Amino acid sequence: YTRGTVTAFSPFDARADAEALRKAMKGMGTDEETILKILTSRNNAQRQEIASAFKTLFGRNLVDDLKSELTGKLETLMVSLMRPTRIFDAHALKHAIKGAGTNEKVLTEILASRTSAEVQNIKQVYLQEYEANLEDKITGETSGHFQRLLVVLLQANRDPDGRVDEGLVEQDAQVLFRAGELKWGTDEEKFITILGTRSVSHLRRVFDKYMTISGFQIEETIDRETSGDLEKLLLAVVKCIRSVPAYFAETLYYSMKGAGTDDDTLIRVMVSRSEIDLLDIRQEFRKNFAKSLHQMIQKDTSGDYRKALLLLCGGDDE
(Lines give C-alpha, C1' and ligand atoms only; values in the text may rest on other atoms or scores of the structure.)
Protein backbone atom coordinates (compact mmCIF):
# COMPACT_ATOMS: atom_id res chain seq x y z
CA TYR A 1 0.00 0.00 0.00
CA THR A 2 1.44 3.29 -1.03
CA ARG A 3 0.28 6.83 -1.56
CA GLY A 4 3.38 7.60 -3.57
CA THR A 5 3.53 9.11 -7.04
CA VAL A 6 6.31 6.72 -8.11
CA THR A 7 5.53 3.02 -8.33
CA ALA A 8 7.14 -0.01 -9.97
CA PHE A 9 7.39 0.47 -13.74
CA SER A 10 6.06 -2.31 -15.91
CA PRO A 11 7.19 -3.94 -18.16
CA PHE A 12 10.62 -3.34 -16.62
CA ASP A 13 13.89 -4.25 -18.33
CA ALA A 14 16.94 -3.24 -16.32
CA ARG A 15 19.38 -3.97 -19.14
CA ALA A 16 17.44 -1.97 -21.72
CA ASP A 17 17.31 0.96 -19.28
CA ALA A 18 21.04 0.65 -18.58
CA GLU A 19 21.76 0.69 -22.32
CA ALA A 20 19.55 3.73 -22.87
CA LEU A 21 21.31 5.57 -20.03
CA ARG A 22 24.75 4.69 -21.37
CA LYS A 23 23.76 5.95 -24.79
CA ALA A 24 22.41 9.17 -23.25
CA MET A 25 25.80 9.85 -21.62
CA LYS A 26 28.21 8.57 -24.27
CA GLY A 27 30.16 10.82 -26.62
CA MET A 28 29.66 14.52 -27.02
CA GLY A 29 26.85 16.18 -25.11
CA THR A 30 24.44 14.54 -22.72
CA ASP A 31 20.82 13.64 -23.37
CA GLU A 32 19.46 14.83 -20.03
CA GLU A 33 15.84 14.24 -20.96
CA THR A 34 16.29 10.48 -21.40
CA ILE A 35 18.12 10.27 -18.08
CA LEU A 36 15.50 12.12 -16.09
CA LYS A 37 12.60 10.32 -17.81
CA ILE A 38 13.98 6.89 -16.97
CA LEU A 39 15.07 7.64 -13.40
CA THR A 40 11.86 9.40 -12.33
CA SER A 41 9.58 6.68 -13.69
CA ARG A 42 11.27 3.66 -12.08
CA ASN A 43 11.00 3.05 -8.36
CA ASN A 44 14.06 2.90 -6.13
CA ALA A 45 14.35 -0.89 -6.19
CA GLN A 46 14.32 -0.80 -10.00
CA ARG A 47 16.91 1.99 -10.09
CA GLN A 48 19.22 -0.24 -8.04
CA GLU A 49 18.72 -3.03 -10.58
CA ILE A 50 19.55 -0.61 -13.40
CA ALA A 51 22.77 0.41 -11.61
CA SER A 52 23.75 -3.21 -11.25
CA ALA A 53 22.96 -3.96 -14.93
CA PHE A 54 24.97 -0.86 -15.89
CA LYS A 55 28.01 -2.20 -14.07
CA THR A 56 27.54 -5.68 -15.54
CA LEU A 57 27.25 -4.41 -19.11
CA PHE A 58 29.80 -1.59 -19.14
CA GLY A 59 32.02 -2.04 -16.09
CA ARG A 60 31.06 1.48 -15.09
CA ASN A 61 29.45 2.99 -12.00
CA LEU A 62 26.14 4.63 -12.94
CA VAL A 63 26.21 7.17 -10.10
CA ASP A 64 29.77 8.23 -10.97
CA ASP A 65 28.76 8.66 -14.62
CA LEU A 66 25.72 10.73 -13.64
CA LYS A 67 27.95 12.92 -11.48
CA SER A 68 30.39 13.54 -14.31
CA GLU A 69 27.71 14.18 -16.96
CA LEU A 70 25.24 16.32 -14.99
CA THR A 71 25.69 19.49 -12.98
CA GLY A 72 23.97 21.57 -10.36
CA LYS A 73 20.51 20.80 -9.03
CA LEU A 74 19.69 18.23 -11.68
CA GLU A 75 22.78 16.28 -10.66
CA THR A 76 21.82 16.49 -6.98
CA LEU A 77 18.30 15.30 -7.77
CA MET A 78 19.37 12.36 -9.96
CA VAL A 79 22.05 11.23 -7.50
CA SER A 80 19.47 11.44 -4.68
CA LEU A 81 17.07 9.27 -6.69
CA MET A 82 19.83 6.68 -7.07
CA ARG A 83 20.53 6.49 -3.33
CA PRO A 84 19.10 3.23 -1.93
CA THR A 85 15.95 3.93 0.10
CA ARG A 86 17.39 1.96 3.01
CA ILE A 87 20.23 4.44 3.54
CA PHE A 88 18.55 7.67 2.41
CA ASP A 89 17.73 9.09 5.86
CA ALA A 90 20.97 7.92 7.49
CA HIS A 91 22.93 9.58 4.69
CA ALA A 92 20.98 12.85 5.06
CA LEU A 93 21.65 12.87 8.81
CA LYS A 94 25.32 12.03 8.33
CA HIS A 95 25.70 15.06 6.08
CA ALA A 96 23.67 17.26 8.41
CA ILE A 97 26.12 16.69 11.27
CA LYS A 98 29.45 16.67 9.52
CA GLY A 99 31.99 19.45 9.36
CA ALA A 100 31.46 23.06 10.28
CA GLY A 101 28.00 23.84 11.55
CA THR A 102 25.11 21.44 11.95
CA ASN A 103 22.09 21.52 9.68
CA GLU A 104 19.38 21.57 12.36
CA LYS A 105 16.67 21.77 9.72
CA VAL A 106 17.50 18.26 8.48
CA LEU A 107 17.68 16.79 12.00
CA THR A 108 14.31 18.37 12.79
CA GLU A 109 12.59 17.29 9.58
CA ILE A 110 13.69 13.64 9.73
CA LEU A 111 13.41 12.96 13.46
CA ALA A 112 10.05 14.71 13.84
CA SER A 113 8.40 12.97 10.88
CA ARG A 114 9.61 9.36 10.91
CA THR A 115 7.80 6.56 12.72
CA SER A 116 9.44 4.74 15.63
CA ALA A 117 10.18 1.76 13.37
CA GLU A 118 11.78 4.07 10.82
CA VAL A 119 13.94 5.73 13.48
CA GLN A 120 15.11 2.33 14.80
CA ASN A 121 16.05 1.41 11.25
CA ILE A 122 17.93 4.70 10.69
CA LYS A 123 20.00 4.05 13.83
CA GLN A 124 20.93 0.52 12.70
CA VAL A 125 21.82 1.64 9.17
CA TYR A 126 23.88 4.53 10.55
CA LEU A 127 25.90 2.13 12.65
CA GLN A 128 26.42 -0.30 9.74
CA GLU A 129 27.25 2.29 7.12
CA TYR A 130 29.25 4.81 9.14
CA GLU A 131 30.45 2.71 12.08
CA ALA A 132 29.25 5.40 14.44
CA ASN A 133 26.45 5.83 16.93
CA LEU A 134 23.93 8.35 15.62
CA GLU A 135 22.85 9.46 19.09
CA ASP A 136 26.47 10.19 20.10
CA LYS A 137 27.01 12.14 16.90
CA ILE A 138 23.87 14.22 17.43
CA THR A 139 24.52 14.91 21.13
CA GLY A 140 28.05 15.99 20.23
CA GLU A 141 26.70 18.65 17.87
CA THR A 142 23.62 19.95 19.70
CA SER A 143 22.78 21.27 23.16
CA GLY A 144 20.09 22.28 25.61
CA HIS A 145 16.42 21.37 25.33
CA PHE A 146 16.76 20.98 21.56
CA GLN A 147 19.29 18.21 22.14
CA ARG A 148 17.10 16.57 24.79
CA LEU A 149 14.05 16.40 22.56
CA LEU A 150 16.17 14.95 19.72
CA VAL A 151 17.46 12.29 22.13
CA VAL A 152 13.90 11.45 23.24
CA LEU A 153 12.83 11.10 19.59
CA LEU A 154 15.91 8.97 18.85
CA GLN A 155 14.84 6.48 21.54
CA ALA A 156 11.94 5.68 19.19
CA ASN A 157 9.82 4.56 22.15
CA ARG A 158 6.61 6.46 21.40
CA ASP A 159 3.62 4.66 22.92
CA PRO A 160 1.87 2.53 20.29
CA ASP A 161 -1.56 3.70 19.18
CA GLY A 162 -4.34 2.07 21.14
CA ARG A 163 -7.44 2.96 23.11
CA VAL A 164 -7.19 6.55 24.32
CA ASP A 165 -7.66 7.15 28.06
CA GLU A 166 -9.63 10.40 28.37
CA GLY A 167 -8.50 10.89 31.96
CA LEU A 168 -4.88 10.85 30.88
CA VAL A 169 -5.69 13.18 27.98
CA GLU A 170 -7.15 15.71 30.43
CA GLN A 171 -4.13 15.32 32.71
CA ASP A 172 -1.54 15.85 29.94
CA ALA A 173 -3.44 18.86 28.59
CA GLN A 174 -3.50 20.42 32.07
CA VAL A 175 0.22 19.74 32.58
CA LEU A 176 1.06 21.39 29.25
CA PHE A 177 -1.22 24.33 30.05
CA ARG A 178 0.47 24.88 33.42
CA ALA A 179 3.93 24.44 31.90
CA GLY A 180 3.24 26.84 29.05
CA GLU A 181 0.56 29.48 29.45
CA LEU A 182 0.37 29.66 33.23
CA LYS A 183 3.98 29.53 34.19
CA TRP A 184 6.48 32.37 34.25
CA GLY A 185 9.01 30.84 31.84
CA THR A 186 8.13 27.54 30.26
CA ASP A 187 8.71 24.12 31.71
CA GLU A 188 10.18 22.75 28.49
CA GLU A 189 10.82 19.35 30.01
CA LYS A 190 7.08 18.64 30.30
CA PHE A 191 6.61 19.50 26.62
CA ILE A 192 9.56 17.29 25.66
CA THR A 193 8.34 14.26 27.61
CA ILE A 194 4.70 14.45 26.58
CA LEU A 195 5.26 15.34 22.92
CA GLY A 196 8.10 12.87 22.56
CA THR A 197 6.60 9.77 24.16
CA ARG A 198 2.78 9.70 23.99
CA SER A 199 0.96 7.93 21.18
CA VAL A 200 -0.22 9.83 18.12
CA SER A 201 -3.94 9.28 18.76
CA HIS A 202 -3.54 10.29 22.41
CA LEU A 203 -1.71 13.51 21.48
CA ARG A 204 -4.31 14.50 18.90
CA ARG A 205 -6.90 14.39 21.69
CA VAL A 206 -4.52 16.27 24.03
CA PHE A 207 -4.23 19.08 21.45
CA ASP A 208 -8.04 19.36 21.23
CA LYS A 209 -8.34 19.40 24.99
CA TYR A 210 -5.53 21.96 25.27
CA MET A 211 -7.46 24.26 22.95
CA THR A 212 -10.59 23.87 25.11
CA ILE A 213 -8.73 24.61 28.35
CA SER A 214 -6.52 27.48 27.17
CA GLY A 215 -8.30 28.99 24.18
CA PHE A 216 -5.07 28.59 22.21
CA GLN A 217 -3.79 26.08 19.72
CA ILE A 218 -0.74 24.38 21.20
CA GLU A 219 1.30 25.73 18.26
CA GLU A 220 0.51 29.29 19.38
CA THR A 221 1.81 28.58 22.89
CA ILE A 222 5.00 26.96 21.56
CA ASP A 223 5.47 29.94 19.26
CA ARG A 224 5.13 32.42 22.12
CA GLU A 225 6.98 30.54 24.85
CA THR A 226 9.97 29.04 23.04
CA SER A 227 12.39 30.12 20.35
CA GLY A 228 15.14 29.01 17.99
CA ASP A 229 15.84 25.38 17.18
CA LEU A 230 13.75 24.06 20.07
CA GLU A 231 10.70 25.97 18.86
CA LYS A 232 11.13 24.65 15.31
CA LEU A 233 11.49 21.08 16.54
CA LEU A 234 8.51 21.25 18.90
CA LEU A 235 6.37 22.71 16.11
CA ALA A 236 7.53 20.04 13.66
CA VAL A 237 6.64 17.30 16.16
CA VAL A 238 3.18 18.78 16.76
CA LYS A 239 2.53 19.18 13.03
CA CYS A 240 3.63 15.60 12.31
CA ILE A 241 1.37 14.30 15.09
CA ARG A 242 -1.52 16.17 13.46
CA SER A 243 -0.64 15.08 9.91
CA VAL A 244 2.66 14.05 8.35
CA PRO A 245 1.49 14.88 4.79
CA ALA A 246 0.36 18.36 5.92
CA TYR A 247 3.76 18.88 7.56
CA PHE A 248 5.57 18.01 4.33
CA ALA A 249 3.20 20.12 2.25
CA GLU A 250 4.14 23.09 4.42
CA THR A 251 7.85 22.18 4.26
CA LEU A 252 7.69 22.11 0.45
CA TYR A 253 5.73 25.36 0.34
CA TYR A 254 8.30 27.23 2.43
CA SER A 255 11.19 25.71 0.48
CA MET A 256 9.88 27.60 -2.57
CA LYS A 257 8.10 30.62 -1.11
CA GLY A 258 9.76 34.04 -1.32
CA ALA A 259 13.12 34.90 -2.83
CA GLY A 260 15.36 31.97 -3.69
CA THR A 261 14.57 28.29 -3.35
CA ASP A 262 15.85 25.91 -0.69
CA ASP A 263 16.66 23.23 -3.27
CA ASP A 264 18.20 20.83 -0.78
CA THR A 265 14.93 20.62 1.14
CA LEU A 266 12.83 20.50 -2.03
CA ILE A 267 14.89 17.60 -3.41
CA ARG A 268 15.09 15.73 -0.11
CA VAL A 269 11.34 15.81 0.47
CA MET A 270 10.32 15.09 -3.13
CA VAL A 271 12.66 12.10 -3.32
CA SER A 272 12.08 10.69 0.17
CA ARG A 273 8.27 10.89 -0.01
CA SER A 274 7.84 9.97 -3.71
CA GLU A 275 7.08 6.32 -2.91
CA ILE A 276 5.35 6.91 0.43
CA ASP A 277 2.77 9.70 0.56
CA LEU A 278 3.41 12.33 -2.10
CA LEU A 279 -0.19 12.01 -3.33
CA ASP A 280 -1.43 12.91 0.17
CA ILE A 281 1.12 15.72 0.39
CA ARG A 282 -0.18 17.11 -2.92
CA GLN A 283 -3.74 17.01 -1.57
CA GLU A 284 -2.77 18.87 1.62
CA PHE A 285 -0.77 21.36 -0.43
CA ARG A 286 -3.76 22.18 -2.64
CA LYS A 287 -6.04 22.48 0.39
CA ASN A 288 -3.75 24.70 2.46
CA PHE A 289 -2.00 26.96 -0.04
CA ALA A 290 -4.63 27.75 -2.69
CA LYS A 291 -2.39 26.42 -5.47
CA SER A 292 -1.05 23.03 -6.42
CA LEU A 293 2.41 21.69 -5.73
CA HIS A 294 2.75 21.24 -9.49
CA GLN A 295 2.01 24.94 -10.13
CA MET A 296 4.48 26.06 -7.51
CA ILE A 297 7.31 23.87 -8.85
CA GLN A 298 6.47 25.09 -12.36
CA LYS A 299 6.77 28.70 -11.26
CA ASP A 300 9.79 28.32 -9.02
CA THR A 301 12.21 26.10 -10.93
CA SER A 302 13.45 25.80 -14.49
CA GLY A 303 15.01 23.61 -17.17
CA ASP A 304 15.53 19.88 -16.87
CA TYR A 305 15.53 20.19 -13.08
CA ARG A 306 11.96 21.47 -13.29
CA LYS A 307 10.99 18.70 -15.73
CA ALA A 308 12.34 16.05 -13.39
CA LEU A 309 10.58 17.52 -10.32
CA LEU A 310 7.28 17.76 -12.20
CA LEU A 311 7.58 14.11 -13.29
CA LEU A 312 8.18 13.14 -9.64
CA CYS A 313 5.25 15.28 -8.59
CA GLY A 314 3.21 13.22 -11.02
CA GLY A 315 0.36 15.53 -11.91
CA ASP A 316 -1.49 18.72 -11.19
CA ASP A 317 -4.34 19.17 -8.71
CA GLU A 318 -6.48 21.86 -10.27
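Here the structure is a predicted model, which means the values were calculated and not measured.

Chemist: Pulling in residues and values, what's your account of the overall build of the chain?
Modeler: Helix and strand counts for the chain come out as 20 helices and 0 strands. Over its C-alpha trace the chain gives a radius of gyration of 21 Å, about what one expects of a compact globule, namely 20 Å for 318 residues. The principal-axis extents of the C-alpha atoms in the chain amount to approximately 70 × 45 × 40 Å. Counting the 318 residues in the chain, one finds 48% classified as buried. For the chain, the exposed surface amounts to about 15,000 Å²; the carbon and sulfur share of it is 48%.

Chemist: How would you summarise the packing of aromatic side chains if you had to cite specific residues and measurements?
Modeler: If you walk through the whole model with that rule in mind, you get 8 aromatic pairs. Look at Phe 54 and Phe 58: their rings are 5.3 Å apart centre to centre, the planes differ by 70°, and that puts the pair in the edge-to-face class. In this pair, Phe 54 and Phe 58 are both assigned in helix H3 (residues 44-58), 4 residues apart and thus about one turn of the helix distant. Judged by its relative accessible area of 0%, Phe 54 is buried.

Chemist: Tell me about the environment of Leu 252, and name the residues and values.
Modeler: Here Leu 252 shows up in helix H16 (residues 244-256). Residues Leu 252 and Arg 268, 16 residues apart in the sequence, show an inter-C-alpha distance of 9.8 Å. Setting aside chain neighbours within four positions, we find Leu 252 in contact with Leu 266, Val 269, Met 270, Ile 281, Phe 285 and Leu 293.

Chemist: Lay out the side chain of Asn 43 in plain terms, naming residues and giving numbers.
Modeler: As for its placement among the helices and strands, Asn 43 is situated in the loop between helix H2 (32-41) and H3. Ignoring sequence-local partners within four residues, the contact set of Asn 43 consists of Val 6, Thr 7, Ala 8 and Glu 275.

Chemist: Outline the packing of helix H7 (residues 104-113) against helix H10 (residues 144-155), supporting the account with residue identities and numerical values.
Modeler: Think of two packed helices as two axes; the pair is described by the angle between the axes and how far apart they sit. Viewed as axis vectors pointing N to C, H7 and H10 meet at an angle of 35°, and their least axial separation amounts to 10 Å. In this structure, H7 crosses over H10, and the sense of that crossing is left-handed. Contacts between H7 and H10 involve Glu 104, Leu 107, Thr 108, Leu 111 and Ala 112 from the first element and Phe 146, Leu 150, Leu 153 and Leu 154 from the second. Classifying every residue of the contact of H7 with H10 gives 7 nonpolar, 1 polar and 1 charged.

Chemist: So, the pattern of salt bridges: which residues are in play, and what are the values?
Modeler: A complete count under the given rule lists 22 salt bridges for this structure. Across the pair Asp 17 and Arg 42 runs a salt bridge whose closest N-O atoms are separated by 2.7 Å. Of the two residues, Asp 17 sits in helix H1 (residues 14-25) while Arg 42 sits in the loop between H2 and H3, which places them 25 residues apart along the sequence. Residues Asp 17 and Arg 42 agree in their burial class; the two are buried. One salt bridge connects Lys 287 with Glu 284, and the closest N-O pair in it is separated by 3.3 Å. Separated by 3 residues within a single helix, Lys 287 and Glu 284 lie in helix H18 (residues 278-289), roughly one turn from each other. In this structure Lys 287 comes out as exposed when scored by relative accessible area, which is 60%. Since its relative accessible area comes to 17%, Glu 284 is described here as buried.

Rules used in this analysis
- Residues numbered from 1 in each chain as written.
- Predicted model: local features only at pLDDT ≥ 70, side-chain atom pairs only at ≥ 80, totals over all residues.
- Heavy atoms only, no water.
- Helix = DSSP H or I, 4+ residues; strand = E, 2+ residues; numbered from the N terminus.
- Rg over C-alpha atoms; globule rule 2.2 N^0.38 Å.
- Buried < 20%, exposed > 50% of the residue type's maximum accessible area, 1.4 Å probe, protein only.
- Areas by Shrake-Rupley, 256 points an atom, 1.4 Å probe, with all protein chains shown as cover.
- Phe/Tyr/Trp six-rings, centres within 6.5 Å; stacked < 30°, edge-to-face > 60°.
- Contact = heavy atoms within 4.5 Å.
- Axes fitted to C-alpha atoms, helices over the stretch in contact; angles between N-to-C directions.
- Left-handed = near helix turned anticlockwise from the far one by under 90°.
- Nonpolar A, V, L, I, M, F, W, Y, C, P; charged D, E, K, R; others polar.
- Salt bridge = Lys/Arg side-chain N within 4 Å of Asp/Glu carboxyl O.

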